[in-house]
Amino acid sequence: SFRFPPLHETQRNLEGYVGFANLPNQVYRKSVKRGFEFTLMVVGESGLGKSTLINSLFLTDLYSKDYPGPSQRIKKTVQVEQSKVLIKEGGVQLTLTIVDTPGFGDAVDNSNCWQPVINYIDSKCEDFLNAESRVNRRSMPDNRVHCCLYFIAPSGHGLKPLDIEFMKRLHDKVNVIPLIAKADTLTPEECQLFKKQIMKEIQEHKIKIYEFPDTEDDEDNKLIRKIKEKMPLAVVGSNVVIEVNGKKVRGRQYPWGVAEVENGEHCDFTVLRNMLIRTHMQDLKDVTNNVHYENYRSKKLAAVTCNGVDTTKTKGQLTKSPLAQMEEERREHVMKMKKMEAEMEQVFEMKVKEKKQKLKDSEAELERRHEQMKRNLEAQYKDLEEKRRVFEDEKNNWEAQQRILEQQKLDKEKFF
Amino acid sequence: IGNPVVGCGGSTLLGYIGIDTIIEQMRKKTMKTGFEFNIMVVGHSGLGKSTLVNTLFKSQVSRKSAGWARDEKIPKTVEIKSVSHVIEEGGVKMKLTVVDTPGFGDQINNDNCWEPISKYINEQFEKFLKEEVNITRKKRIPDTRVHCCIYFISPTGHTLRQLDMEFMKRLSHSVNIIPVIAKADTMTIEERQEFKQRVRKELEMSGIEFYPQKEFDDDMEDKSDNDKIRETMPFAVVGSDKEYQVNNKRVLGRKTAWGIVEVENPNHCEFAQLRDFLIRSHLQDLKEVTHNIHYETYRAKRLNDNGGLHPISTNGTHDSNL
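Residues numbered from 1 in each chain as written. Chains lettered and ligands numbered in written order. Predicted model: local features only at pLDDT ≥ 70, side-chain atom pairs only at ≥ 80, totals over all residues. Heavy atoms only, no water.

Enquirer: So what's going on with the nonpolar core? Residues and values would help.
Expert: In terms of nonpolar packing, the biggest core is built from 77 residues, with B:I39, B:M40, B:F104, B:I117, B:I150, B:F167 and B:I178 touching the most fellow members. Take this core: its biggest share by element is seven residues, from helix α3 (residues 115-133) of chain B. Aside from chain neighbours lying at most four places away, what touches B:I39 is B:F57, B:L96, B:T97, B:V98, B:V99, B:C148, B:I150 and B:L278. Grouped together as the second largest cluster of nonpolar side chains are 69 residues, A:W114, A:L162, A:I177 and B:I108 included. (Core = buried A, V, L, I, M, F, W, Y, C linked by side-chain atoms within 4.5 Å. Buried < 20%, exposed > 50% of the residue type's maximum accessible area, 1.4 Å probe, protein only. Helix = DSSP H or I, 4+ residues; strand = E, 2+ residues; numbered from the N terminus. Contact = heavy atoms within 4.5 Å.)

Here it is, written out as structure tokens:
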């Protein structure tokens, strides 16, 4: 980002018009041509009006009946989902990425539900780090999370243990802006007390939320101080247009009145919108780049170079040249393929062996049965033979006896 | 008086006896002895439980009687804190005990946070059972059993949370659960209707029966009355102990920048319905269902488990069989 030199440095008076006063315009024109990117993350339990607020902030239907917001899709574990939308206004193009965390804080046991969020933020920083370290850096998309809106439930008491835990873990990774959700639940007095209590607890736990930078302009500083007094911002979202006193406003219709979204007396929505989009979007990106990203980068690089031995997951990604890295990747890939091939061959061999064995076994079985049957038959045959012999014997005996009887009879007849 | 009274067998009595004065006698007795009512409130912190109880009984009866104590730390485990008051109206004395459950649902890990509550409810049943089983019993057994458990549902507008389902599933068989939608001034009327429908459907699909339970409807009249109530439940309530002037009337309400939410206005919220239901029509029924059904279930289980109980004498020299 471009900063003018401080005024106390010696200023030379120019003798004529040089023309570099036109520099900001050139920067402006180039930026407009390039377009802008902004990634906004929303975190909070389901039912706190996150989707409605996003729709209200950017006046688009990012979430609608066809593509319902995260709360309408019940999730068993915390997911991190992103949706991109291209918004154009006055010739300026903004690629807005909204990152949702459905399922956050919704389970009975919410331990570590912040881990997927941390992983996401870290992975985007890592992507950027790798892109930065590449040889060819022509297109470097910036998908880092520039701002995290954390939704606090309007209990009126204080922060919940989950709120404290989450903010403590994320305040040095991303710009955290806490918001009081569904602020139309609270009366003005309750809201004041609630805000005071939250800020007190934030200080107690040493949570570093996003701080608005002081400018040199006194007027701006006054505004900034006013915003700071209102933190955390109490917001109400709605895209429903209602007529109040002849005017069309966005709001929520109750039997006792209409809560107007853009009315400063009713809630801090306009403050949030102005701050997020109209005045501090660039600063959020700068802080992300200069503070949070640098934090991440130095931690990552220190881990790699410190021991000489790589302690990070990705091996030697930053100490080798990209070409060598590509070569290594290719080799790894080839080896992996070979290994897979070998494994598949092994499996194949094993299966063939198994099949052969099975066939052998069934053959043996058949043999055995054949033998068995043969023996049975032989036994039966012998048996029959035996029986026949016995029968023959008997027959012979009987015939012999008959013959004797016949002989006796003949003898008798001879006698008489 | 003067109408022929028909006796049970269908025979006409020959004069006025005065059996119907028994109702008056019961009323006199009740007024003299007064009665007890124990109500438990469950829900994670910040849902307006204490405020609602104060509003219901029009007096500072909850644990946090001095408005809401913002700087009270959330306890690390669920605690059971009960506070008793004697309130009187029209000559009738009521000993009201409010049982609060701070810490429920407030931790990061809320597994089993319903157990201390379940334990407390069973402990009260146990106390009563021990007294009942004594040889020399007290004239009136002190009744600390939980007659009604008001469960506060967070007004997300979407569905019930997992914790809500778990709690109600596990406790709907030991206590009368009355679910209410807390801080109902968060939702517009349409959002409220949709939310209620979704909640009722979810409860039905999971087989969770809240009070008044369908199976305990005595007769057709009861059933039709209770059906109407069941169709409106869970009641969307708003509580407040502050008064404001609206149309020359003093009303309990909440003053926002866009209007005053009137607690007792049926167009604004269903607090009046809850109060009438809880106190003016079903108070006695809550006690009866607790005594005849929940307590009996507990008692039967205990006796079956032990294979029979011997009554114990009050001097406690014998070991209890319990």
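Enquirer: Requested: an account of the UniProt feature "coiled-coil region" (unreviewed entry) in chain A, with residues and values cited.
Expert: UniProt records the feature "coiled-coil region" (unreviewed entry) at residues 323-408 of chain A, using the numbering of this structure. When the span residues 323-408 of chain A is considered, its composition is 100% helix and 0% strand, and the gap between its end C-alpha atoms is 126 Å. (UniProt positions renumbered as here; feature names shortened; annotations may be inferred.)

Enquirer: Could you give an account of the interface of chain A and chain B, with specific residues and numbers?
Expert: Listed by partner, the interface residues are 44 residues for chain A and 42 residues for chain B. Taken as a group, A:V108, A:H157 and A:W256 account for 24% of the area that chain A buries against chain B, more than any other trio of residues on that side. Scanning the region where chain A abuts chain B turns up three salt bridges. Between B:R254 and A:E190 there is a salt bridge, with the nearest N and O atoms lying 2.7 Å from each other. If you look at where chain A meets chain B, you find 16 residue pairs in polar contact (both at pLDDT 80 or more). Contributions of two or more residues to the side of chain A that touches chain B are made by α4 (161-170), α5 (188-204), β8 (247-254) and β9 (257-260) of chain A. Among the elements that line the side of chain A that touches chain B, the one with the most residues is α5(A), at five residues. Here the residues of the side of chain A that touches chain B are counted per class, giving 16 nonpolar, 16 polar and 12 charged. (Buried area = accessible area lost by both parts, 1.4 Å probe. Salt bridge = Lys/Arg side-chain N within 4 Å of Asp/Glu carboxyl O. Polar contact = N/O pair within 3.5 Å; in protein donor to acceptor, adjacent residues only side chain to side chain. Nonpolar A, V, L, I, M, F, W, Y, C, P; charged D, E, K, R; others polar.)

Enquirer: Which residues make up the pairing of β9(A), and what values go with them?
Expert: Residues and elements named next belong to chain A. Burial along β9 is two-sided: G257 and A259 facing one way and V258 and E260 facing the other are all buried. Direction of pairing for β8 relative to β9: antiparallel, over a ladder of four bridges. Each residue of the ladder has a partner; that of G251, found in β9, is E260. Two successive antiparallel strands, β8 and β9, enclose a turn made up of two residues. (Pairing = 2+ DSSP bridges.)

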